[in-house]
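Read off the chains here:
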Amino acid sequence: MSNQARKSVKSKPSLGVILPTLNDEQALPQVLQGLREAACLFELDVIVADGGSTDCTVDIAQRHDARVLEAEGGWQAQVAAGCRMLWGQWVMILGGNVVFRPGWSANLRLFVDATGEYEFAAHGRSQDQVRGPFGFLHAVPASHVGLVLRRSQLETLLQRKRPGTLTDANLIDQLDRKRLIQLPYILHAVADEQADAA
(Lines give C-alpha, C1' and ligand atoms only; values in the text may rest on other atoms or scores of the structure.)
Protein backbone atom coordinates (compact mmCIF):
# COMPACT_ATOMS: atom_id res chain seq x y z
CA MET A 1 0.00 0.00 0.00
CA SER A 2 1.35 3.43 -0.92
CA ASN A 3 1.89 6.21 1.65
CA GLN A 4 -0.97 8.15 0.10
CA ALA A 5 -3.28 5.15 0.39
CA ARG A 6 -2.26 4.61 4.01
CA LYS A 7 -2.97 8.26 4.75
CA SER A 8 -6.40 8.00 3.10
CA VAL A 9 -7.34 4.95 5.16
CA LYS A 10 -5.97 6.48 8.34
CA SER A 11 -7.85 9.73 7.94
CA LYS A 12 -11.23 8.18 7.10
CA PRO A 13 -13.81 10.45 8.79
CA SER A 14 -16.53 9.03 11.02
CA LEU A 15 -20.18 9.33 10.02
CA GLY A 16 -23.03 8.48 12.35
CA VAL A 17 -26.41 7.97 10.67
CA ILE A 18 -29.57 8.45 12.72
CA LEU A 19 -32.78 7.00 11.32
CA PRO A 20 -35.84 7.95 13.39
CA THR A 21 -38.30 5.21 12.43
CA LEU A 22 -41.91 4.29 13.05
CA ASN A 23 -43.40 1.38 11.12
CA ASP A 24 -41.00 1.74 8.18
CA GLU A 25 -40.65 -1.94 7.26
CA GLN A 26 -41.49 -1.36 3.58
CA ALA A 27 -38.85 1.24 2.79
CA LEU A 28 -36.16 0.61 5.41
CA PRO A 29 -34.32 -2.29 3.68
CA GLN A 30 -33.59 -0.16 0.62
CA VAL A 31 -32.35 2.74 2.76
CA LEU A 32 -30.03 0.54 4.83
CA GLN A 33 -28.70 -1.16 1.70
CA GLY A 34 -27.93 2.22 0.15
CA LEU A 35 -25.97 3.30 3.22
CA ARG A 36 -23.48 0.46 2.81
CA GLU A 37 -21.75 2.30 0.00
CA ALA A 38 -20.43 4.83 2.53
CA ALA A 39 -18.45 2.20 4.45
CA CYS A 40 -15.61 2.50 1.93
CA LEU A 41 -15.13 6.21 2.62
CA PHE A 42 -16.33 6.66 6.20
CA GLU A 43 -16.18 4.91 9.53
CA LEU A 44 -19.90 4.24 9.51
CA ASP A 45 -22.20 3.95 12.53
CA VAL A 46 -25.88 3.40 11.68
CA ILE A 47 -28.43 3.87 14.46
CA VAL A 48 -32.13 3.16 14.09
CA ALA A 49 -33.94 5.16 16.77
CA ASP A 50 -37.34 3.52 16.77
CA GLY A 51 -40.41 5.27 18.09
CA GLY A 52 -42.40 2.15 18.92
CA SER A 53 -42.93 0.32 15.64
CA THR A 54 -45.48 -2.48 15.63
CA ASP A 55 -44.29 -3.97 12.33
CA CYS A 56 -40.93 -5.59 11.44
CA THR A 57 -38.90 -2.35 11.40
CA VAL A 58 -36.68 -3.32 14.35
CA ASP A 59 -36.05 -6.85 13.04
CA ILE A 60 -35.08 -5.48 9.62
CA ALA A 61 -32.67 -2.97 11.17
CA GLN A 62 -31.00 -5.69 13.22
CA ARG A 63 -30.65 -7.96 10.19
CA HIS A 64 -28.81 -5.13 8.42
CA ASP A 65 -26.39 -4.74 11.35
CA ALA A 66 -27.73 -1.37 12.43
CA ARG A 67 -27.66 -0.52 16.11
CA VAL A 68 -31.22 -0.22 17.39
CA LEU A 69 -32.57 1.75 20.32
CA GLU A 70 -36.11 2.38 21.51
CA ALA A 71 -36.82 6.10 21.75
CA GLU A 72 -40.50 6.93 22.04
CA GLY A 73 -41.59 10.50 22.58
CA GLY A 74 -41.47 11.97 19.10
CA TRP A 75 -38.94 12.88 16.45
CA GLN A 76 -36.77 15.15 18.61
CA ALA A 77 -36.49 12.50 21.32
CA GLN A 78 -35.48 9.91 18.73
CA VAL A 79 -32.79 12.14 17.21
CA ALA A 80 -31.48 13.14 20.64
CA ALA A 81 -31.25 9.51 21.75
CA GLY A 82 -29.45 8.57 18.54
CA CYS A 83 -27.03 11.48 18.94
CA ARG A 84 -26.12 10.35 22.47
CA MET A 85 -25.45 6.82 21.24
CA LEU A 86 -23.43 7.42 18.10
CA TRP A 87 -19.70 8.05 17.91
CA GLY A 88 -19.39 9.81 14.55
CA GLN A 89 -17.89 13.29 14.26
CA TRP A 90 -20.36 13.92 11.42
CA VAL A 91 -24.05 13.09 11.69
CA MET A 92 -26.57 12.32 8.96
CA ILE A 93 -30.27 12.43 9.82
CA LEU A 94 -32.20 10.31 7.41
CA GLY A 95 -35.83 9.42 6.83
CA GLY A 96 -36.88 5.86 6.16
CA ASN A 97 -38.17 6.50 2.65
CA VAL A 98 -35.27 7.74 0.51
CA VAL A 99 -33.21 6.23 -2.29
CA PHE A 100 -29.55 7.12 -2.76
CA ARG A 101 -27.96 7.98 -6.08
CA PRO A 102 -25.05 5.67 -6.98
CA GLY A 103 -21.84 7.39 -5.88
CA TRP A 104 -23.59 9.54 -3.26
CA SER A 105 -20.96 8.82 -0.61
CA ALA A 106 -18.13 10.20 -2.78
CA ASN A 107 -20.05 13.50 -3.03
CA LEU A 108 -20.47 13.55 0.71
CA ARG A 109 -16.80 12.74 1.33
CA LEU A 110 -15.77 15.67 -0.88
CA PHE A 111 -18.00 17.95 1.18
CA VAL A 112 -16.57 16.69 4.49
CA ASP A 113 -12.97 17.00 3.30
CA ALA A 114 -13.53 20.49 1.88
CA THR A 115 -15.20 22.05 4.91
CA GLY A 116 -12.32 21.44 7.32
CA GLU A 117 -13.17 22.86 10.73
CA TYR A 118 -15.86 25.22 9.46
CA GLU A 119 -19.44 24.61 10.57
CA PHE A 120 -21.10 23.94 7.24
CA ALA A 121 -24.02 21.56 6.77
CA ALA A 122 -25.30 19.69 3.73
CA HIS A 123 -28.58 18.14 2.69
CA GLY A 124 -29.90 15.90 -0.03
CA ARG A 125 -32.17 16.97 -2.84
CA SER A 126 -35.76 17.33 -1.64
CA GLN A 127 -38.82 16.47 -3.68
CA ASP A 128 -40.83 19.23 -2.00
CA GLN A 129 -40.95 22.47 -3.93
CA VAL A 130 -42.29 25.97 -3.34
CA ARG A 131 -43.11 28.76 -5.76
CA GLY A 132 -40.46 31.43 -5.25
CA PRO A 133 -39.96 34.95 -6.62
CA PHE A 134 -40.86 35.41 -10.30
CA GLY A 135 -42.62 32.04 -10.31
CA PHE A 136 -39.48 29.89 -10.07
CA LEU A 137 -39.72 26.57 -8.26
CA HIS A 138 -37.20 26.02 -5.47
CA ALA A 139 -36.40 22.78 -3.68
CA VAL A 140 -37.22 22.91 0.01
CA PRO A 141 -34.43 21.46 2.16
CA ALA A 142 -35.61 19.07 4.84
CA SER A 143 -33.66 17.14 7.42
CA HIS A 144 -35.21 13.78 6.55
CA VAL A 145 -33.57 13.76 3.12
CA GLY A 146 -30.10 13.48 4.53
CA LEU A 147 -29.13 16.51 6.58
CA VAL A 148 -25.42 16.22 7.40
CA LEU A 149 -23.78 18.35 10.06
CA ARG A 150 -21.14 18.11 12.73
CA ARG A 151 -22.18 16.25 15.84
CA SER A 152 -21.31 19.31 17.93
CA GLN A 153 -23.73 21.40 15.84
CA LEU A 154 -26.55 18.93 16.37
CA GLU A 155 -25.86 18.72 20.11
CA THR A 156 -26.06 22.51 20.37
CA LEU A 157 -29.38 22.61 18.51
CA LEU A 158 -30.86 19.86 20.67
CA GLN A 159 -29.81 21.64 23.86
CA ARG A 160 -31.24 24.95 22.66
CA LYS A 161 -34.76 23.70 21.87
CA ARG A 162 -37.36 22.59 24.39
CA PRO A 163 -38.34 18.89 24.16
CA GLY A 164 -40.95 18.33 21.48
CA THR A 165 -40.37 21.62 19.66
CA LEU A 166 -37.74 20.46 17.16
CA THR A 167 -39.07 18.60 14.11
CA ASP A 168 -37.71 17.30 10.83
CA ALA A 169 -39.45 20.27 9.22
CA ASN A 170 -37.95 23.05 11.35
CA LEU A 171 -34.51 21.69 12.27
CA ILE A 172 -33.00 22.98 9.06
CA ASP A 173 -34.40 26.47 9.81
CA GLN A 174 -32.11 26.65 12.83
CA LEU A 175 -29.03 26.58 10.58
CA ASP A 176 -27.32 29.43 8.76
CA ARG A 177 -28.63 29.13 5.19
CA LYS A 178 -25.40 30.70 3.90
CA ARG A 179 -23.56 27.66 5.24
CA LEU A 180 -26.06 25.11 3.98
CA ILE A 181 -25.04 23.24 0.84
CA GLN A 182 -27.27 21.04 -1.30
CA LEU A 183 -25.65 17.82 -2.46
CA PRO A 184 -27.35 15.63 -5.07
CA TYR A 185 -27.08 12.41 -3.11
CA ILE A 186 -30.78 11.70 -2.63
CA LEU A 187 -32.56 10.41 -5.72
CA HIS A 188 -36.16 10.53 -4.55
CA ALA A 189 -38.46 9.29 -1.85
CA VAL A 190 -39.63 5.68 -2.01
CA ALA A 191 -43.19 6.90 -1.60
CA ASP A 192 -42.81 9.05 -4.72
CA GLU A 193 -41.43 6.07 -6.65
CA GLN A 194 -44.37 3.90 -5.62
CA ALA A 195 -46.84 6.64 -6.55
CA ASP A 196 -45.25 7.01 -9.99
CA ALA A 197 -45.58 3.29 -10.60
CA ALA A 198 -49.29 3.27 -9.66
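As the structure is a computational prediction, the values presented were derived from the model and not from experiment. (Residues numbered from 1 in each chain as written. Predicted model: local features only at pLDDT ≥ 70, side-chain atom pairs only at ≥ 80, totals over all residues. Heavy atoms only, no water.)

(A) Structural view of the overall build of the protein chain. Scanning the protein chain from terminus to terminus reveals seven helices and eleven strands. A buried classification covers 44% of the 198 residues belonging to the protein chain. (Helix = DSSP H or I, 4+ residues; strand = E, 2+ residues; numbered from the N terminus. Buried < 20%, exposed > 50% of the residue type's maximum accessible area, 1.4 Å probe, protein only.)

(B) Quick look at the nonpolar core. Leu19, Leu35, Met92, Leu94, Leu108 and Tyr185 are the most contacted members of the largest nonpolar core, which totals 29 residues. Every element with two or more residues in this core is listed here: strand E1 (14–21), helix H2 (28–35), strand E2 (43–50), helix H3 (57–63), strand E4 (90–94), strand E5 (98–100), helix H5 (104–115) and strand E9 (145–150). (Core = buried A, V, L, I, M, F, W, Y, C linked by side-chain atoms within 4.5 Å.)

(C) Molecular detail of the side chain of Ser53. The topology assignment puts Ser53 in the loop between E2 and H3. A distance of 2.6 Å separates a polar side-chain atom of Ser53 from the backbone nitrogen of Asn23. One polar contact links Ser53 to Asp50, side chain to side chain, over a distance of 2.5 Å. (Polar contact = N/O pair within 3.5 Å; in protein donor to acceptor, adjacent residues only side chain to side chain.)

(D) Here's a closer look at the pattern of salt bridges. A complete count under the given rule lists three salt bridges for this structure. Where Arg109 meets Asp113, a salt bridge forms, and the shortest distance between an N and an O atom there is 3.0 Å. Of the two residues, Arg109 and Asp113 both sit in helix H5, four residues apart, roughly one turn of that helix. Residue Arg109 is classed as buried on the basis of its relative accessible area, which comes to 11%. (Salt bridge = Lys/Arg side-chain N within 4 Å of Asp/Glu carboxyl O.)

(E) Structural detail: the packing of aromatic side chains. Considering all chains together, one arrives at two aromatic pairs under this definition. With a centroid separation of 5.7 Å and 70 degrees between ring planes, the pair formed by Trp90 and Phe111 is classed as edge-to-face. You can see Trp90 sitting in strand E4 and its partner Phe111 sitting in helix H5, a full 21 residues away along the chain. We note that Trp90, like Phe111, is buried. When the ring of Phe100 is compared with that of Trp104, the centres are 4.2 Å apart and the planes differ by 20 degrees; the resulting orientation is stacked. (Phe/Tyr/Trp six-rings, centres within 6.5 Å; stacked < 30°, edge-to-face > 60°.)

(F) Just helix H4 (residues 75–85), in detail. Taking burial as the measure, the eleven residues of H4 include eight buried ones, the bulk of the element. Among all positions in H4, only Trp75, Gln76, Gln78, Val79, Ala80, Ala81, Gly82 and Cys83 are buried.

(G) Here's a closer look at the pairing of E1. Burial within E1 is extensive, with eight of its eight residues counted as buried. Bridging between E1 and E2 involves eight bridges; their strand directions are parallel. In the sheet register, Leu15 faces E2, and the bridge partner there is Leu44. Of the crossover connections in this fold, the one passing from E1 over H2 to the parallel E2 is right-handed. (Pairing = 2+ DSSP bridges. Right-handed = clockwise from strand over helix to strand, strands pointing away.)

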